[in-house]
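# Summary of structural features
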Amino acid sequence: MAFSIFFFLTWLIISIFAVMRKRLSLVENTFVFLIIFIVSINFSWIISDELKLITITKEKLPYTAYLLHRSIIIPVLLLIQLNISVARDSFGWKAIIILSAVLLLTVANYLMTALNIAAYTNWNLGFDAIYFFLLNLVALLAYSIIERASEKVVNHT
Amino acid sequence: MMLWESFDKNEIYVLVMLIIVYAAFFIFPKRIPRQIALLFLVWGFAIATFFDFTIGGGLMDFYKVNDSDKYELIDLLTYFLFAPFGYFFVYFYHCFKINQKKVIFYILGWTLFGLLMERVSRFMEVIHYENGYSMKYSVAVFLVVQTMTALYYEWIVRQQNKNRG
């Protein structure tokens, strides 16, 4: 059940990203994806295997659901957030989109606990929300870095 | 995170290799756009991280990097070692003007180079195989990763050419 639900969510998130109007270029989208992917993989490893703040299931299919969440759902959902939030320059718009992404990711983590993929020992959803908020800021920072690198190329030519 | 369990030949190897590959990265003339260079540096790092935390750890745990299963600073430096290889893959792809006829040989060449580097890394005790893993499985990993990298680079170049009109 856990695998089916997370597989569906993965498919849904990828499909939404595939069909949506993208404001970022292919290079920018890939760069931001990879940065979030690296942070997400490292963070999930540190809080589960190093600090033992959460316990991840040892069953193969639910564990695959955890891998899908860590490696695809989190980075692609943040890409969707970024592509929507850069559409308008308003701070309010960006704040609403970022908070919506934080909410959706926190709900996905709640689902992980409800479906026994992860058990929180010294962790809670509040910490998840803070982490996802910071991850949104990392996405914005990554975007500004790759955007600046692109501008420098334009200036040279 | 600890720095390392014991400072011996694997740590020395990683540090020496870091100096060599990053020196090469800065010395070689810049032939590809800055944003693509940056992207493929991150690409190399991401691929190393993904495999280490997916098949090298967790449920599968097919290999151990450096001295222990714990996350050491030297592990992080090992991932940084992979970043310039992502860059050099597309750098030479561009310099040698790799086309449809040459791409298979190019990927096979990098796969052989990857296997050689893996052999050296095992000798220097950077990589330790576990749970029945052997080098033959790495052939599949190298072929998939490098084919994906070549296809992705081609896609980016075509997209950029299309945007330029």
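Residues numbered from 1 in each chain as written. Chains lettered and ligands numbered in written order. Predicted model: local features only at pLDDT ≥ 70, side-chain atom pairs only at ≥ 80, totals over all residues.

## Quick notes on the packing of helix H4 (residues 103-123) of chain B against helix H5 (residues 135-164) of chain B
All names here are of chain B. Just so we agree on the cut-off: Interaxial angles span 0 to 180 degrees and are taken between N-to-C directions of axes, which are lines fitted to C-alpha atoms, for helices over the stretch in contact. The secondary structure listing takes helices from DSSP runs of H or I that are at least 4 residues long and strands from runs of E that are at least 2 residues long, numbered from the N terminus. We call two directions roughly parallel when the angle between them is under 35 degrees, roughly antiparallel when it is over 145, roughly perpendicular when it lies between 65 and 115, and oblique otherwise. Note on convention: the crossing is left-handed when the near helix lies turned anticlockwise from the far helix by less than a right angle, right-handed when the turn is clockwise. Residues are treated as contacting if the C-beta atoms built from their backbones sit within 7 Å of each other. Asp, Glu, Lys and Arg are counted as charged, while Ala, Val, Leu, Ile, Met, Phe, Trp, Tyr, Cys and Pro are counted as nonpolar; the rest, among them Gly, fall into the polar class.
In contact at an axis separation of 9 Å, H4 and H5 are set at 135 degrees when each is read in the N-to-C sense. Classified by the angle their axes make, H4 and H5 are oblique. Viewed along their axes, H4 and H5 form a crossing whose handedness is right-handed. On H5, the residues that touch Val 103, Ile 107, Trp 110, Thr 111, Gly 114, Leu 115 and Glu 118 of H4 are Met 135, Ser 138, Val 139, Phe 142, Leu 143, Gln 146, Thr 147 and Ala 150. Its residues assigned to classes, the contact of H4 with H5 comprises 9 nonpolar, 5 polar and 1 charged.

## Thoughts on the nonpolar core
In plain terms, the rule: Working definition: the nonpolar core is a set of buried Ala, Val, Leu, Ile, Met, Phe, Trp, Tyr and Cys residues, joined through C-beta atoms within 7 Å. Burial is judged by counting the other C-beta atoms within 10 Å of a residue's own C-beta: 20 or more makes it buried, 12 or fewer makes it exposed, and any count in between marks it as partly exposed, with every C-beta position built from the backbone.
Of all hydrophobic cores here, the largest spans 54 residues; its most connected members are A:Val32, A:Leu34, A:Ile35, A:Ile36, A:Leu78 and B:Val42. Among the elements of the structure, helix H2 (26-50), helix H3 (60-85), helix H4 (91-114) and helix H5 (125-156) of chain A together with helix H2 (34-54), helix H3 (73-95), H4 and H5 of chain B are those that each provide at least two residues to this core. Here this core gets 11 residues from one element, more than from any other, and that element is H2(B). Excluding its chain neighbours within four sequence positions, the residues that come into contact with A:Ile35 are A:Val138, A:Ala142 and B:Val42. A:Phe6, A:Ile47, A:Met112 and A:Ala118 belong to the second-largest nonpolar core, a separate cluster that totals 11 residues.

## Section: the interface of chain B and chain A
Every contact between the two is made by 20 residues of chain B and, on the other side, 24 residues of chain A. When contributions to the side of chain B that touches chain A are tallied by element, the ones reaching two or more residues are H2 and H5 of chain B. Split into classes, the residues belonging to the side of chain B that touches chain A amount to 13 nonpolar, 5 polar and 2 charged.

## Some details on unusual backbone geometry
Residues and elements named next belong to chain B. With a phi angle near 50 degrees, Lys 97 is a residue other than glycine that sits in the positive phi range. Here Lys 97 lies in the loop between H3 and H4. Taking the number of C-beta atoms within 10 Å as the measure of exposure, Lys 97 has 7 and is therefore exposed. Although it is not a glycine, Glu 125 sits at a positive phi angle of roughly 60 degrees. Along the chain, the position of Glu 125 falls in the loop between H4 and strand S2 (127-129). For Glu 125, a count of 15 C-beta atoms within 10 Å gives the class partly exposed.

## A look at the confidence of the model for chain B
Residues and elements named next belong to chain B. Operational definition: Confidence of the predictor at the level of single residues is captured by pLDDT, which takes values from 0 to 100.
Here chain B shows a mean pLDDT of 93. Residues at 70 or above account for 99%. Across chain B, the secondary-structure element scoring lowest on mean pLDDT is strand S1 (residues 63-65), at 89, and the one scoring highest is H4, at 96. We note a pTM of 0.93 for the whole complex and an ipTM of 0.93 for its interfaces.

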